[in-house]
Amino acid sequence: MIFIKTILLLLAILFSVSSSSQEQSKEFTWPGGGKLAVSLSYDDALNSQLDNAIPELDKHNLKASFYITSNSSVMNARMAEWRAAAKNGHELGNHSIYHPCRASLPDRQWVPKHHDLDNYSVTQMIEELTTANTFLKAIDGKTERTYTVPCGDLLVGGEEYLSTVNNLFTAIKGHGADKRFSLIWDPSNSTGKQLIEYINNIPSDILLVNIIFHGVGGDYLSVTSEAHAELLTFLTNNRDSYHVDSYINLMKYADSMK
Ligand SMILES: [Zn+2]
């Protein structure tokens, strides 16, 4: 009898071990098995992104997201190049038409009065973002895209507005119920070593990190082309650990795994 009990106990232990390893195998991983996804983003539709960032991304065969401000003169002047980037697998994300921000916050002297979010209404913002989606659809033919909030400002005329525009987007960068997908850093003047160190030090419970660039080797809030290239080389050399894709692809994959 004791012998049978021992056998049953052993079976119970074996069963619990195998079910806990099954639990572990259900842990979230990205395509290819990596634990951390890296979304490379480039905001504001700048010349240096077309001149320096996209050629380097393409050299490494990495796909990224470009958050387009529709009224950027670079959109008008270089439309064919943006269209080619989209055709090549990069995402053209929504970053509004006019990049409205709250002029009342510190260091916002650059915000013109007619683009001051404190003077906007939520309805106006919904219209602006809807029209920006239409503008981008005319370039890349796509009906789904993600959004990066201009200046990260969440209030329009004093009212929260993201909940009213959620339905326009597959995802809003850095906003969602699951905080494991929300880590954001917008480096400027960082060296390649600092960019790599940042990625190396992401806590292990984080599944996705968003690196938001502006200028690359030019324009403003810039990193040098060399620093940018160093990061891309590092990510390419460590493909087993880091899964790089456009933000929309990453978020659609994460949604499909729920
Ligand atoms: Zn911006």
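Residues numbered from 1 in each chain as written. Predicted model: local features only at pLDDT ≥ 70, side-chain atom pairs only at ≥ 80, totals over all residues.

S.K.: So what exactly am I meant to see when it comes to the overall build of the chain here?
M.R.: Along the chain, the regular secondary structure elements total nine helices and eight strands. For the chain, buried positions account for 34% of its 258 residues. Contacts in the chain between residues at least 24 apart in sequence constitute 79% of all its contacts with a sequence separation of at least 6. (Helix = DSSP H or I, 4+ residues; strand = E, 2+ residues; numbered from the N terminus. Buried ≥ 20, exposed ≤ 12 C-beta atoms within 10 Å, placed from the backbone. Contact = placed C-beta atoms within 7 Å.)

S.K.: What is the right way to look at the nonpolar core in this model?
M.R.: Soluble globular proteins tend to bury their nonpolar side chains together. Ranked by internal contacts, the top residues of the largest apolar core, which has 54 residues, are Ala37, Val38, Phe66 and Phe213. For Val38, the residues in contact, after removing those within four places along its chain, are Ile199, Val209, Ile211, Leu235, Tyr242 and Val244. (Core = buried A, V, L, I, M, F, W, Y, C linked by C-beta atoms within 7 Å.)

S.K.: Looking at this structure, I do not really get unusual backbone geometry. What am I missing?
M.R.: The residue Asp107 is not glycine, and still its phi comes out positive at about 60°. Relative to the helices and strands, Asp107 is located in the loop between strand S3 (91-94) and helix H5 (122-140). Residue Asp107 is classed as exposed on the basis of its 6 C-beta neighbours within 10 Å. One non-glycine residue with positive phi stands out, namely Asn189, at about 65°. On the secondary structure map, Asn189 appears in the loop between strand S6 (183-185) and helix H7 (192-200).

S.K.: Looking at this structure, how should I read the environment of Asp140?
M.R.: As for its position among the elements, Asp140 is in helix H5. Taking the C-beta count within 10 Å as the criterion, Asp140 has 17 such neighbours and is therefore assigned partly exposed. In this structure the C-alpha to C-alpha distance between Asp140 and Ala84, which are 56 residues apart in sequence, comes to 8.7 Å. Residues contacting Asp140, with those up to four places away along its chain left out, are Arg83, Ala86 and Leu92.

S.K.: Would you mind showing me how to read the pairing of strand S1 (residues 36-43) here?
M.R.: Successive residues of a regular strand alternate their side chains across the two faces of the sheet. Extensive coverage of S1 is indicated by the burial of eight of its eight residues. Alternating residues of S1 divide into Leu36, Val38, Leu40 and Tyr42 and Ala37, Ser39, Ser41 and Asp43, and every residue in both groups is buried. Bridging between S1 and strand S8 (residues 242-244) involves three bridges; their strand directions are parallel. By the bridge assignment, Val38 is partnered in S8 with Val244. Taken together, the six bridges between S1 and strand S7 (residues 208-213) define a ladder with parallel strand orientation. Residue pairing across strands places Ser39 opposite Asn210, the latter belonging to S7. One ladder, built from three bridges, connects S1 with strand S2 (residues 65-68); its direction is parallel. (Pairing = 2+ DSSP bridges.)

S.K.: Would you explain helix H9 (residues 247-256) in this entry?
M.R.: Within an α-helix, residues lying three or four positions from one another point in the same direction, as the helix has 3.6 residues per turn. Taken together, the buried positions of H9 are occupied by Tyr247, Ile248, Asn249, Leu250 and Met251. Structurally, H9 contributes buried residues whose contacts are with S1, S2, S3 and S7.

S.K.: How should I be thinking about the packing of H7 against helix H8 (residues 225-237) in this particular structure?
M.R.: Packed helices, taken two at a time, are described by the angle their axes make and the gap between the axes. Following both chains from N to C, one finds H7 and H8 inclined at 35°, their axes separated by 7 Å at the closest point. The handedness of the crossing between H7 and H8 comes out as right-handed. Of the residues in H8, those touching H7 at Gly192, Leu195 and Ile196 are Glu226, Ala227, Glu230, Leu231 and Phe234. For the contact of H7 with H8, the class distribution of residues is five nonpolar, one polar and two charged. (Axes fitted to C-alpha atoms, helices over the stretch in contact; angles between N-to-C directions. Left-handed = near helix turned anticlockwise from the far one by under 90°. Nonpolar A, V, L, I, M, F, W, Y, C, P; charged D, E, K, R; others polar.)

S.K.: Would you mind going over the confidence of the model for the chain with me for this structure?
M.R.: In low-pLDDT segments, the atomic positions of the prediction should not be examined closely. Here the chain averages 91 in pLDDT, and 90% of its residues register 70 or above. Contacts from residues 6-25, a stretch scored under 50 in pLDDT, to residues over four places away or in other chains number zero contacts. (pLDDT = per-residue confidence, 0-100.)

S.K.: Please explain the pairing of S7 as it appears in this structure.
M.R.: Counting buried residues in S7 gives six out of six residues, a clear majority hidden from the surface. In S7, alternate side chains face the same way, and those of Leu208, Asn210 and Ile212 on one face and Val209, Ile211 and Phe213 on the other are all buried. Alignment of S6 against S7, held across three bridges, turns out to be parallel. Bridging from a neighbouring strand, Ile184 pairs with Asn210 of S7. Tracing the backbone out of S6, into H7 and back to the parallel element S7 gives a crossover that is right-handed. (Right-handed = clockwise from strand over helix to strand, strands pointing away.)

S.K.: What should I look at first to understand H5 in this one?
M.R.: For H5, built from 19 residues, the straight-helix expectation of 27 Å at 1.5 Å per residue is met to within 8% by its first-to-last C-alpha distance of 27 Å. Looking at the buried residues of H5, the elements they touch are S2, S3, strand S4 (155-156) and helix H6 (162-165). Downstream of H5 by one or two residues, Gly141 has phi in the positive range, about 75°. (Expected span 1.5 Å × (residues − 1).)

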